[in-house]
Amino acid sequence: MEIKSLVSISDYSKEKILQILDKAAEFEKNPNQKILDGKVVATLFFEPSTRTRLSFETAVNRLGGRVIGFADKSTTSGTKGETLKDTIKMVSNYADLIVMRNPIEGAARYASEVASVPVVNAGDGANQHPTQTMLDLYSIKKTQGRLENINICMVGDLKYGRTVHSLLMAMSHFSPTFTFIAPDELKMPEEYKMFCKEHNIPFKEYSELNEANIADADILYMTRVQKERFTDLFEYEKVKNIYILKNSLLENTKPNLRILHPLPRVNEIEQEVDENEKAYYFEQARNGVFARQAVICDLLGL
Amino acid sequence: MEKDNKKELKVAALKNGTVIDHIPSDKLFNVITILKLDQCNCQMTFGINLDSHRLNKKAIIKVADKFLEQDEVNKVALLAPNAKINIIKDYEVVEKKTLELPTEIKGAIKCINPKCITNNEPMFSKFITIDKMKGLFRCYYCERVIKSEDLIIE
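Residues numbered from 1 in each chain as written. Chains lettered and ligands numbered in written order. Predicted model: local features only at pLDDT ≥ 70, side-chain atom pairs only at ≥ 80, totals over all residues. Heavy atoms only, no water.

Trainee: When you look at the overall build of chain A in this model, what are you seeing that I'm missing?
Mentor: A tally of helices and strands in chain A yields ten helices and nine strands. The C-alpha radius of gyration of chain A comes to 19 Å, within 12% of the 19 Å expected for a compact globule of 302 residues. Split into buried and exposed, the 302 residues of chain A put 56% on the buried side. A separation threshold of at least 6 residues defines the contact pool for chain A, and within that pool the share at least 24 residues apart is 73%. Accessible surface for chain A amounts to roughly 13000 Å². Of this, 47% is attributable to carbon and sulfur atoms. Counting 38 positive and 42 negative side-chain charges, chain A places the averaged centre of each group 4 Å from the other. (Helix = DSSP H or I, 4+ residues; strand = E, 2+ residues; numbered from the N terminus. Rg over C-alpha atoms; globule rule 2.2 N^0.38 Å. Buried < 20%, exposed > 50% of the residue type's maximum accessible area, 1.4 Å probe, protein only. Contact = heavy atoms within 4.5 Å. Areas by Shrake-Rupley, 256 points an atom, 1.4 Å probe, with all protein chains shown as cover. Lys, Arg positive; Asp, Glu negative; His and termini not counted. Charge placed at Lys NZ, Arg CZ, Asp CG, Glu CD.)

Here it is, written out as structure tokens:
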């Protein structure tokens, strides 16, 4: 019997995405239920994360399940040289579902092969983070009332940012239009632009964040330009302050525009924007709980 | 060309087995590794730096009493897409195998991504061929896309 897992957003069909989003909407209406009563979920975080771990644990706790796990790999047998396979085999004996974040890319796919319970990938290095994509889709649908024909403007690190790549792939089911705004060093990789061309998805590309370039946007998806991505710190210093969103830039944007950000934010969105009615990133993080409740229950067949 | 082949085969006087001809010389040892011939007890003859019209220097492998299956043959396509593989029975070529890139390759290739799980756990790599014409492969685990010229044979 094949065990269902969620490793990559491409594991989900369009129908599955819509089904999970509907389920998430139900959980938003009623987040406290006893559906997971008697279930144990393991959260294995081999790499630190506050939002993702807390939101998974909140999702489980609010549904009456129990959580075991660790938030820091230094407290695990991994430090004694235990393989990931052995850790996963062992945890499979204890828990009904495993949520794992691991800096090693492909770790989640491998874990899903060796585990005897479903595995949810909560981020594997620069590769995949599918529940982030699900909560992004949920936030888009909730704020815009639909997923079809949305104009999404992605800003910042479009080269290494796994969230923008996964969102691009997932949105491809819904006839989107994209605008990519990034410094030359961090442009959207060629393979994703090819993907857009092959799927007849129109996109524009700019290197400047200004009023004109975001005028048509329904969603402004901001990302952090991460210092650790640069081999040349001089390049980082050059670009780090270019992509900063301020209230003044938002004055002439569409009234339905909402600003999303996977968080953590550093300085790419000014604090003043938090009070703007177009800011949606904290609500977006809240939606993560409902999206994860939907994913977990789906994998457990509940 | 046909004539050349026959001459080669005569020299080896292979009664039954497989001949892999027209391997670029610098790929001989990789082909041996990928087919695990170094762990095989069959009688084998390797020729290297032989003169070739097509390649500057070619290599040849003759394995007695072993008939390569299609999935093994396909692995050779990763390294030497223009190699010729003939199955010999009773001194005659009974089958010419055509090389085609496999749709899935387990083991044999090392992922170039140092952060890939396959380079951090005792396990086999796995690649999915995504474009046979362009020679593009995707690591099944870290999902990195690798060009054929960047493949590292284990």
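On we go from here.
Trainee: I tried to follow the packing of aromatic side chains on my own but got confused; where do I start?
Mentor: Any aromatic ring pair is given by two values, namely how distant the centres are and how the planes are angled relative to each other. Enumeration over the complete set of coordinates arrives at six aromatic pairs over all chains. With a centroid separation of 6.2 Å and 75° between ring planes, the pair formed by Tyr110(A) and Tyr141(B) is classed as edge-to-face. One end of the pair, Tyr110(A), is in helix H4 (residues 107-114); the other, Tyr141(B), is in the loop between strand E9 (136-139) and strand E10 (145-147), on a second chain. Tyr141(B) matches Tyr110(A) in its accessibility class, with the two residues each being buried. Taking 5.1 Å as the distance between ring centres and 85° as the angle between the ring planes, the aromatic pair formed by Tyr140(B) and Tyr141(B) counts as edge-to-face. On the basis of relative accessible area, Tyr140(B) is assigned to the partly exposed category, the value being 25%. An aromatic cluster of at least three residues, connected via ring pairs, comprises Tyr110(A), Tyr140(B) and Tyr141(B). In this arrangement the basic side chain of Arg109(A) is found over the ring face of Tyr140(B), its NZ or CZ atom lying 5.6 Å from the centre. The residue whose ring lies beneath Lys89(B) is Phe67(B), and the NZ or CZ to ring-centre distance is 4.9 Å. (Phe/Tyr/Trp six-rings, centres within 6.5 Å; stacked < 30°, edge-to-face > 60°. Lys NZ or Arg CZ within 6 Å of the ring centre and 35° of its normal.)

Trainee: Before we go on, may I ask you to explain the interface of chain A and chain B in this structure?
Mentor: How big an interface is tends to be expressed through the accessible area that disappears when the partners come together. Each partner contributes to the interface: chain A provides 15 residues, whereas chain B provides 14 residues. Across the interface of chain A and chain B, roughly 1200 Å² is buried in total on both sides, 48% from carbon and sulfur atoms. The interface formed by chain A and chain B contains three salt bridges. Note that Lys115(B) and Glu105(A) form a salt bridge whose closest N and O atoms lie 3.7 Å from each other. Between chain A and chain B we count eight residue pairs in polar contact (both at pLDDT 80 or more) in total. Residue assignment for the side of chain A that touches chain B shows that the elements contributing at least two residues are helix H3 (84-94) and H4 of chain A. Element by element, the count of residues in the side of chain A that touches chain B is highest for H4(A), at four residues. Of the residues contributing to the side of chain A that touches chain B, the split by class is five nonpolar, five polar and five charged. (Buried area = accessible area lost by both parts, 1.4 Å probe. Salt bridge = Lys/Arg side-chain N within 4 Å of Asp/Glu carboxyl O. Polar contact = N/O pair within 3.5 Å; in protein donor to acceptor, adjacent residues only side chain to side chain. Nonpolar A, V, L, I, M, F, W, Y, C, P; charged D, E, K, R; others polar.)

Trainee: Where do I start with a nonpolar patch on the surface in this structure?
Mentor: Residues and elements named next belong to chain A. A surface patch of nonpolar side chains, amounting to about 270 Å² of accessible area, comprises Ile68, Met90 and Tyr94. Looking at the secondary structure, you find Met90 in helix H3. On the basis of relative accessibility, which here comes to 32%, the residue Met90 falls in the partly exposed class. (Patch = residues over 30% accessible without salt bridge, like charges linked within 9 Å, V, L, I, M, F, W, Y side chains within 5 Å.)

Trainee: Where do I start with the domain arrangement of chain A in this structure?
Mentor: All names here are of chain A. As assigned here, chain A comprises domain 1 (31-128) and domain 2 (131-285). Computed from C-alpha atoms alone, the centre-to-centre distance between domain 1 and domain 2 is 28 Å. On the domain 2 side, the residues contacting the ten residues of domain 1 number seven residues. Across the interface of domain 1 and domain 2, roughly 660 Å² is buried in total on both sides, 46% from carbon and sulfur atoms. (Domains from an automatic or database assignment.)

Trainee: It is not clear to me how the domain arrangement of chain B should be interpreted in this structure. Could you clarify?
Mentor: Residues and elements named next belong to chain B. Structurally, chain B comprises domain 1 (2-97) and domain 2 (104-153). If you average the C-alpha positions of domain 1 and of domain 2, the two centres end up 25 Å apart. Taken together, the contact between domain 1 and domain 2 spans four residues of the former and six residues of the latter. Summing the contributions of domain 1 and of domain 2, the shared interface buries around 450 Å²; its carbon and sulfur component is 87%. Of all residues in domain 1, the largest losses of buried area upon contact with domain 2 belong to Ile34, Lys75 and Leu78, amounting jointly to 76% of the total for that side. Viewed at the interface, domain 2 and domain 1 are joined by zero salt bridges. Across the contact surface, domain 1 and domain 2 share zero residue pairs in polar contact (both at pLDDT 80 or more). Residue assignment for the side of domain 1 that touches domain 2 shows that the elements contributing at least two residues are helix H2 (28-34) and helix H3 (70-79).

Trainee: When you look at the packing of helix H5 (residues 130-144) of chain A against helix H6 (residues 162-171) of chain A in this model, what are you seeing that I'm missing?
Mentor: Residues and elements named next belong to chain A. It is the contact of H5 with H6, at a shortest axis distance of 9 Å, that shows an interaxial angle of 60°. With respect to H6, the axis of H5 lies oblique. Taken as a pair, H5 and H6 cross one another with a handedness that is right-handed. In this structure, H5 uses Gln132, Thr133, Asp136, Leu137 and Ile140 to contact H6, whose residues at the interface are Thr163, Ser166, Leu167, Ala170 and Met171. Residues belonging to the contact of H5 with H6 are distributed by class as follows: five nonpolar, four polar and one charged. (Axes fitted to C-alpha atoms, helices over the stretch in contact; angles between N-to-C directions. Parallel < 35°, antiparallel > 145°, perpendicular 65-115°, else oblique. Left-handed = near helix turned anticlockwise from the far one by under 90°.)

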